Amino acid sequence: MYPWGDDRPFYGSARYYRNTFECEIRKLSIDAGFSCPNRDGRVGVGGCTFCNNDAVSPRYADRHRSISEQMAAGREFHARSWVPGAQWLVYFQAYSNTYAPVEVLRSRYEEALRGEDVAGLIIGTRPDCVDEAVLDLVAELRQQHYVAVEFGMESAFDATLQRVNRGHSWMDSVRAVELCHERGIPCGGHFIIGLPGETDEMILQTIDQINTLRLATVKFHQLQIFRGTAMERDFESHPESYRFFTPDEYVSLLAEAVRHLRPDTAVERIVSEVPPSFRHEGLGWQGLRSHHVINRLCARLEHLDTFQGELFR
Ligand code: SF4
């Protein structure tokens, strides 16, 4: 039995939610109609080179419908995985979900929280898109509900962040997390493994930086190139600065990353699946699903007789 409470060699999200709630948790992703400062010119234009929100949002998350309507559609979509007594976390997923005046944010968050069987919210945003007023609102809502903030951080290397036009630095991520910690708000971070120019060594150095943040959750996924993005054009011009992992290479690197990752940060995701129609041709893993990759990671860690945090100092 590992410190997180089961015998899986890494601290997975199901265990995290079981440790946090006294019930099963399911997620409803919604598109609350916000924009992104890296698209509308406030921080940048064109957005991150890899960005395609349509590729990663479920079809029921339609920004032209109200939050309540999207939640109703999401309940139907997930009906088969629902178990009696479970609760929902509403995931504000698309674009930057703290990018609006505080009173607008309050009304959208509160609409979601009024839903039936809703245990709380997960608010996805950019590290440079939170300030004290927004986080004070989150802290206020946390007095009654679970509310976490997830930041797209992607890499700890500023050169990489510039290369993919993130429009923020690693220090922005550090500052955003500090502001959350000051208010007792749990935070998550998203990271992409295999961004252009990054070596295995750099990815493991990013893990060391993640460890300093004391995140509640972390999400990783392999780099995928979506059709029609700036990254697709960059890849076609400079294929030599991109590398794509085979599933075995990816799982080996991930196992090493997990050995270094602190044991109290739950790993919520290790791989991303998008419909093939969104992906640049030839770059998929031919039908390999997320649960196959998770099983391979467990097998790899068991084969190495290791576990999350073994090398964390
Ligand atoms: S911050 Fe998010 S929504 Fe904005 S461009 Fe980047 S990936 Fe897209």
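Heads up: the structure comes first, above all this text.
Residues numbered from 1 in each chain as written. Predicted model: local features only at pLDDT ≥ 70, side-chain atom pairs only at ≥ 80, totals over all residues. Heavy atoms only, no water.

C36, R39, G47, C48, F50, C51, N53, Y95, R126 and R166 make up every residue found near the ligand. Here the shell around the ligand is built from residues that sort into five nonpolar, two polar and three charged. (Near = heavy atom within 4 Å. Nonpolar A, V, L, I, M, F, W, Y, C, P; charged D, E, K, R; others polar.)

Before going further, it helps to spend a moment on helix 10 (residues 247-260). For helix 10, built from 14 residues, the straight-helix expectation of 20 Å at 1.5 Å per residue is met to within 8% by its first-to-last C-alpha distance of 20 Å. For helix 10, the tally of buried residues reaches ten of 14 residues, placing the bulk of the element in the interior. Along helix 10, the residues classified as buried are P247, Y250, V251, L253, L254, A255, A257, V258, R259 and H260. (Helix = DSSP H or I, 4+ residues; strand = E, 2+ residues; numbered from the N terminus. Expected span 1.5 Å × (residues − 1). Buried < 20%, exposed > 50% of the residue type's maximum accessible area, 1.4 Å probe, protein only.)

A separate point is the packing of helix 10 against helix 11 (residues 290-303). Close contact between helix 10 and helix 11 brings their axes to 9 Å; oriented N to C, the two are set at 60°. By the angle between their axes, helix 10 is oblique relative to helix 11. For the crossing formed where helix 10 meets helix 11, the hand is right-handed. Taken together, the residues of helix 11 that come into contact with helix 10 (itself represented by P247, D248, Y250, V251, S252, L254, A255, V258 and R259) are V293, R296, L297, R300 and L301. (Axes fitted to C-alpha atoms, helices over the stretch in contact; angles between N-to-C directions. Parallel < 35°, antiparallel > 145°, perpendicular 65-115°, else oblique. Left-handed = near helix turned anticlockwise from the far one by under 90°. Contact = heavy atoms within 4.5 Å.)

Enumeration over the complete set of coordinates arrives at 16 aromatic pairs. What links up through ring pairs into an aromatic cluster is the set Y2, W4, Y11, Y16, Y17, F21, Y146 and F307. Seen from the ring of Y91, K27 lies directly overhead, with NZ or CZ sitting 5.9 Å from the centre. (Phe/Tyr/Trp six-rings, centres within 6.5 Å; stacked < 30°, edge-to-face > 60°. Lys NZ or Arg CZ within 6 Å of the ring centre and 35° of its normal.)

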